[in-house]
Each structure stands twice: as structure tokens, then as C-alpha cells.
Amino acid sequence: MKNVADQLAIIREHVVDLLPEEDLVRKLERSVATGTPLRIKLGLDPSRPDIHLGHAVVLRKLRQFQDLGHTVVLIIGDFTAMIGDPTGKSKTRPALTLEETRANGATYVEQASRILDRERTEVVYNSQWLDALSFKDVVALAGKYTVAQLLERDDFTKRYRSGEPISVHEFLYPLSQAYDSVAVRSDVELGGTDQKFNLLVGREIMRQYAMEPQCILTMPILEGTDGIEKMSKSLDNYIGLTDSAKDMFGKTMSIPDTLITRYLQYACFAAPSDVQRVADGLSDGSLHPRAAKVDLAQRIVALYHGQEAAADAFAEFERIFVKKDQPDHIPDWSPEPSITELTLVDAVVGAGCATSKSEARRLIQQGGVRVNGVQNKDPLSILTVADQPVVRAGKLSWFRIIPA
RNA sequence: GGGCAGGUACUCAAGUGGCCAACGAGGGCAGACUGUAAAUCUGCUAGCUUAUGCUUUCGGAGGUUCGAAUCCUUCCCUGCCCA
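Residues numbered from 1 in each chain as written. Chains lettered and ligands numbered in written order. Predicted model: local features only at pLDDT ≥ 70, side-chain atom pairs only at ≥ 80, totals over all residues. Heavy atoms only, no water.

Looking at this structure, I do not really get a nonpolar patch on the surface. What am I missing?
On the surface, Phe-321, Val-322 and Leu-396 cluster together into a nonpolar patch covering about 290 Å² of accessible area. Here Leu-396 shows up in the loop between β12 (390–393) and β13 (397–401). Of the residues examined, Leu-396 reaches a relative accessible area of 68% and is grouped as exposed. (Patch = residues over 30% accessible without salt bridge, like charges linked within 9 Å, V, L, I, M, F, W, Y side chains within 5 Å. Areas by Shrake-Rupley, 256 points an atom, 1.4 Å probe, with all protein chains shown as cover. Salt bridge = Lys/Arg side-chain N within 4 Å of Asp/Glu carboxyl O. Helix = DSSP H or I, 4+ residues; strand = E, 2+ residues; numbered from the N terminus. Buried < 20%, exposed > 50% of the residue type's maximum accessible area, 1.4 Å probe, protein only.)

I'm lost on the pairing of strand β2 (residues 39–44) in this one. Help?
Looking along a regular strand, one sees the side chains alternate between the two faces of the sheet. With six bridges connecting them, β2 and strand β3 (residues 71–76) associate as parallel partners. By the bridge assignment for β3, Leu-42 is matched with Leu-74. Relative to strand β5 (residues 188–192), β2 runs parallel, the two being bridged by two bridges. What sits directly across from Lys-41, in β5, is Glu-189. (Pairing = 2+ DSSP bridges.)

Would you mind showing me how to read the domain arrangement of chain A here?
A common way to express how large an interface is: the accessible area buried when the components associate. Domains assigned within chain A are domain 1 (4–219), domain 2 (245–322) and domain 3 (332–401). The straight-line distance from the C-alpha centre of domain 1 to that of domain 2 is 31 Å. A buried area of about 900 Å², summed over both sides, lies between domain 1 and domain 2, and 70% of it is on carbon and sulfur atoms. For domain 1, the biggest contributors to the area lost against domain 2 are His-14, Leu-53 and Arg-60; these three give 69% of the whole. Across the contact surface, domain 1 and domain 2 share zero salt bridges. Counting every contact that joins domain 1 to domain 2 gives one residue pair in polar contact (both at pLDDT 80 or more). Of all the elements, helix α3 (residues 53–67) adds the most residues to the side of domain 1 that touches domain 2, at six residues. Of the residues assigned to the side of domain 1 that touches domain 2, the class counts are five nonpolar, two polar and two charged. (Domains from an automatic or database assignment. Buried area = accessible area lost by both parts, 1.4 Å probe. Polar contact = N/O pair within 3.5 Å; in protein donor to acceptor, adjacent residues only side chain to side chain. Nonpolar A, V, L, I, M, F, W, Y, C, P; charged D, E, K, R; others polar.)

Is there a simple way to think about the packing of aromatic side chains in this case?
Two aromatic rings are characterised by how far apart their centres lie and by the angle between their planes. Across all of its chains, the model carries six aromatic pairs by this definition. For the ring pair Phe-249 and Phe-314, a centre distance of 5.9 Å and an interplane angle of 40 degrees mean the geometry is tilted. With Phe-249 in helix α12 (residues 245–253) and Phe-314 in helix α16 (residues 307–322), this residue pair connects regions lying 65 residues apart in the sequence. Overall, the relative accessible area of 0% leaves Phe-249 in the buried class. Here the aromatic rings of Trp-333 and Phe-399 are separated by 6.0 Å at their centres, their planes lie at 85 degrees, and the arrangement is edge-to-face. (Phe/Tyr/Trp six-rings, centres within 6.5 Å; stacked < 30°, edge-to-face > 60°.)

Just checking my understanding: could you explain α3 for this structure?
Count 3.6 residues to each turn of an α-helix, and residues three or four apart come out pointing the same way. Its 15 residues give α3 an end-to-end C-alpha distance of 20 Å, which sits within 8% of 21 Å, the value for a rise of 1.5 Å per residue. α3 sits mainly inside the fold: twelve of its 15 residues count as buried. For α3, the complete set of buried residues consists of Leu-53, Gly-54, Ala-56, Val-57, Val-58, Leu-59, Arg-60, Lys-61, Leu-62, Gln-64, Phe-65 and Gln-66. Of the residues flanking the end of α3, it is Gly-69, one or two places downstream, whose phi is positive at about 100 degrees. (Expected span 1.5 Å × (residues − 1).)

Could you clarify how one ought to interpret the side chain of Asp-243 in this entry?
With respect to the element layout, Asp-243 can be found in the loop between β6 (215–219) and α12. For Asp-243, a relative accessible area of 12% gives the class buried. Within the local environment of Asp-243, its side chain forms a polar contact with the side chain of Lys-251, the two groups lying 2.8 Å apart. With residues up to four places along the chain from it excluded, the contact list for Asp-243 reads Tyr-238, Met-248, Lys-251 and His-305. (Contact = heavy atoms within 4.5 Å.)

Honestly, the nonpolar core in this entry has me stumped. Any pointers?
Judged by nonpolar contacts, the single largest core of 66 residues is most densely connected at Leu-24, Leu-53, Leu-62, Leu-190, Leu-217, Tyr-263 and Ile-300. When we break this core down by domain, the ones giving at least three residues each are domain 1 (4–219) and domain 2 (245–322). If you look at the next biggest cluster of nonpolar residues, it comprises 21 residues, including Ile-75, Leu-130, Leu-141 and Ala-178. (Core = buried A, V, L, I, M, F, W, Y, C linked by side-chain atoms within 4.5 Å.)

So what exactly am I meant to see when it comes to the protein's contact with RNA strand B here?
Around RNA strand B, a shell composed of 26 residues is seen, among which Gly-250, Met-253, Phe-317, Arg-361 and Arg-362 lie nearest. Within 4 Å of the protein, atoms of RNA strand B come from sugar and phosphate in 62% of cases. Measuring from a base oxygen of RNA strand B, one finds a backbone N or O atom of Gly-250 at 2.4 Å. Of all elements in the fold, only α12, α15 (289–305), α16 and α18 (357–365) reach the threshold of two or more residues within the surface near RNA strand B. No other element matches α18, which puts five residues into the surface near RNA strand B. Residue composition of the surface near RNA strand B, grouped by class: nine nonpolar, ten polar and seven charged. (Near = heavy atom within 4 Å.)

Rendered as C-alpha cells:
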């Protein structure tokens, strides 16, 4: 195990808040002296089954802890997901059933394992202890925190001031997350900066339960591919851990230039010297933004699909978007066997490129559809199945019509 | 329990009896321009056998009317004030 100073240097990298640092030093000293790993907690909200690069920021930090010999405790919030974390939401989230959260939790762990060391990861479900609490226990827990303290949280304050509803159960969310820390006896809890409040409640509640409070460590919230909102599945601006190499590459290329160094730091955990070199190159003009982005995209793809896939994704990207050729693999689509010819609208809808005929018509009339590379603006033009035409609908969707 | 203000399309938000499939903004999609960028400009943004046509939509259900998002009844939901 490394000494305390070395560990601390690594732990501090890329971090926004590390509070209180003295406490962490004390915990690390004790850990080194006794050879006992620290317990590093991360709560996962399984309401959305796909993990993306935004989650990966925190997961990579966890991995660093593991590489330093510590134990990661992943808490699948199957119980808390039923409550619905109000963080950053202007509205109450829909509640899920325990079964749904369980199913999502399982895929979560599988995806997180792409980054974490499974050997040093403990996975627990918080329904284990939260479901076991009696109403008396809950009231006692609620008695340890005040409404004024809860209202300190920014989004509660905002919602309260603007007259939006806040349900009582939402107040219980930070408390149940805090109770998780008690249950797993965490030494450090990680989260995004938006979790700071919840993490701090954990400290207070642990103290109330006569435990040594956890330290808290927050990581930046990564912006999505739109460059404005935080990365999230519901905003559809995310790069998923399970996205194909091609998609990862393409999505990365579509981020605004201003995000390049940020992604380098937080999506790749690139060495500070590398980040600096790119930042300098971009600002003095010696490095073309596109070149920097290509490099970034390859790094990201390489992390999840390997070096070779990254090179392939780059080649494919060049072919499709720069040379405007067809992609390597075009999915086939077949209409009913009895159909030998059909209109362009029907083909676009049938292949799933539009959700209604009106939408398909719009797409076609606006010049978004090409048949065998030629723009076709007539929705009613006839395609012959036997010709196996290749259709491009919009920027990203391609399909080839083949006989069934 | 009482009083007041609200609930309109993905979001915000106009509309208070016909000119409303519903102003405007954001978002999204497409086109132009580019570095598949960003910014900018243009168009589109309920559905249908594309029809100056029909169908469904303005919290839910009824009603008044030739005609309702708009008026009435009732129910549901939210916020504020008083208790």
C-alpha cells in the first residue's frame, strides 16, 4: 500500500470537493498503519438502466481508490429509486417498483464493471436495510434532521420559493441516503457535485448514530454532447458506456469545441500535462480543434472498445462524414414478402426511421432522404424491392431494402 | 375546513364563444454553410390513402350552443393566504 502522501495526491486529482481533508488524512493514516482498506461508498440510482460517461467520471475515481487497495461499496438504490431523488429536478420523478429497480440494478453493476475492479467491489441493495426499518425507526431518523436544514438544499429552496410542490417523501430521500452510510459504515462517499448536500447529510446522520462521519468527495458533472446541459439519458445528450465504437466516436465528434479539454480531463482522466498541451495548442492555434477532437474521440473509444476499434471507428467516420460514402454495415430491412414495390414514405416508416407517415413525409420533402445517394423529395415515388435500394433517412439512419 | 390563483402540444407560455391544430420562445428534426462541429440563415415540428378534405387534442367527465381551449355543472390535481 502506498504511503499517505502519495495516496492523497492521486485521490485529489480531478476532484471538486474533498471534505474535510484532515479527516481523510487521519483515515488514511489509520488504514496504512493497520493494513485495513477504507470503505468507499457510491450510491447508484437505478432508475435509468444505462450508464454513460457522466457516471464514468465518478466510477473512474472509485477505480483509483481500488488501485490504491481500498474497497468500493456500490449501493444499488433499489429502495431509494422508489422514492425518486429530487436532485436537480423541477418535478417529482416517477416512482418505480422494486422489481424494476432490481432489474436495472443488475445491468448497472454489469456496466460499472467495465471500469471497476470487480474483486474489490462490494455490491449491496439498500432495500436490505431500508425496507427493514419500522415506521418508528423512520420517525426517529427524521427526528435527527430539521426542515430548515433540508430547505438549505438549493433545489428545495428554489422549488419552495417558486411555489412548486415538494412532497414529504422527497425530504426523506437525503435521510435514507444518509442512513445507507450508517448501514455500510462508509469512510468516504463519492458523488457528483450535485450530490454535495446529500453527502453532507450523511456525515451529520452518522454522527447522530455515534459513528465516525464519512469524508465526502465530489466530482464534476460532465456536460452532455450538447455542451450545455448535464449529460443525461432523458435529455438524449449522452454517450453510453455500452454504445458501439462507431456511436461513441460520432457522438464525441459532435461535442462543441469548448468541451474538448473538459472531456479529456474527466472522460479520459488524461494526464495533466496532456490536457495542458492540448489546451495550449487550441488557444494558440497550433492545434486544429478537429484534430484534437479526433484524438479525444479515439481515446474515449479505446477506453471501452480497445485501440483497434478506435482506429476503425475513425476510419469509418472519415468515410461516412468526410468523404460522404456509405457506412460499412447498412442494416437490411424487408417489407412483407408479398410486396414487390412500395412508396418511399412507407419504406421510411416501415424501416423505423420515422414514427408516422406525416413525419416521414416532412423528412422527405425537406430533402433529408436519399435513395442510392440521390436526394429524393417525392414521398410517393415508388421503390422496387428487387432493386435493393439503399436509403439514407436523416443524417444517421441508413437501410437497404431487400426481399424478405 | 374557508378564501384566492392556477392546470393549454416535448418544455415554457399566449389565447376568455367562430378568423384555433391553437401566437411566441426554447428544444427537436431537415436543408444551406462548415470541421458530421459551434455560431448563423431557412423550413418543418398531432394523425390520416396530400386532401384548398377528414379525424383526434387545450386536467377528467357531463352540459349549454348552429359552433367551446374559451360559458355552466361536477370531479381530480397544484400553489398561496387564513384556520
